[in-house]
Amino acid sequence: MPVVGMGGYFFRAKDPEGLKAWYRAHLGVGGGIGADEHGTSNEYCWYHEGGPMVFEPFKEASDYFPLEKTAMINLRVRDLDGLLASLRAAGIGVVTNDEVDAGGIGRFARVHDPEGNPIELWEPQAR
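Each residue is numbered by its place in its chain's sequence as written, counting from 1. Reporting in this predicted model follows two pLDDT cut-offs: at least 70 for local features of residues, and 80 or more for side-chain atom pairs to be given and counted; totals over whole chains, interfaces and linings ignore these cut-offs and use all residues. Note that the side-chain values use all heavy atoms of the structure and ignore hydrogens as well as water.

How would you sum up the nonpolar core? Please name residues and give values.
Membership of the largest hydrophobic core comes to 18 residues, with the highest contact counts inside it found for L27, L87, I119 and L121. Among the elements of the structure, α1 (16-27), β1 (73-76), α2 (80-89), β3 (106-112) and β4 (118-124) are those that each provide at least two residues to this core. Contact between two residues is taken to exist if any of their heavy atoms lie within 4.5 Å; hydrogens are not considered. Apart from the residues lying within four places of it in its own chain, the contact partners of L87 are H26, L27, I92, V94, V111 and L121. Here, nonpolar core means buried Ala, Val, Leu, Ile, Met, Phe, Trp, Tyr and Cys residues that are tied together by side-chain atoms lying within 4.5 Å of each other. For every residue, the accessible area (1.4 Å probe, protein chains only) is compared with the maximum for its type, and the residue is labelled buried under 20%, exposed over 50%, or partly exposed between those bounds. The way it works is that DSSP assigns letters per residue, a run of H or I at least four long becomes a helix, a run of E at least two long becomes a strand, and they are numbered from the N terminus.

Here is the structure:
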């Protein structure tokens, strides 16, 4: 197969620059973060750590994320507890679910960006 990975995640926003700044400040996500193997970076690319990624269509009526949203981003994280403490300190609401965590694939938390887009944070189970 010629596809080797995700090349981007694009979505509409009422305030693109403000939302970009929010993701950068609170989650460390966005263009200009990190660098490639040659130390090169640019304002559009986020050079992130490789690892597992789930690509999964959900049933149209699924209640796993809000029905009015067509997509949800899932970000792989390290030190979920530290990140959650930082988000809470910034006044960002965090939802955890011990039942979901019991699935044996790691720990999860849910936050929403300022425009109400759901963001699932996933700390994979240590191997």
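From this point, things continue past the structure.
Account for the pairing of β4, naming residues and giving values.
Burial analysis of β4 places six of its seven residues in the buried class, the great majority of the element. Paired strands are those between which DSSP finds at least two bridges. The pairing of β1 with β4 spans four bridges and is parallel. Within the sheet, the bridge partner assigned to L75 lies in β4 and is L121. Sheet topology note: the β3/β4 ladder contains seven bridges and is antiparallel. The partner of H112 across the bridge, within β4, is P118. What sits between the antiparallel neighbours β3 and β4 is a turn of five residues, in which G116 has the positive phi angle 85°.

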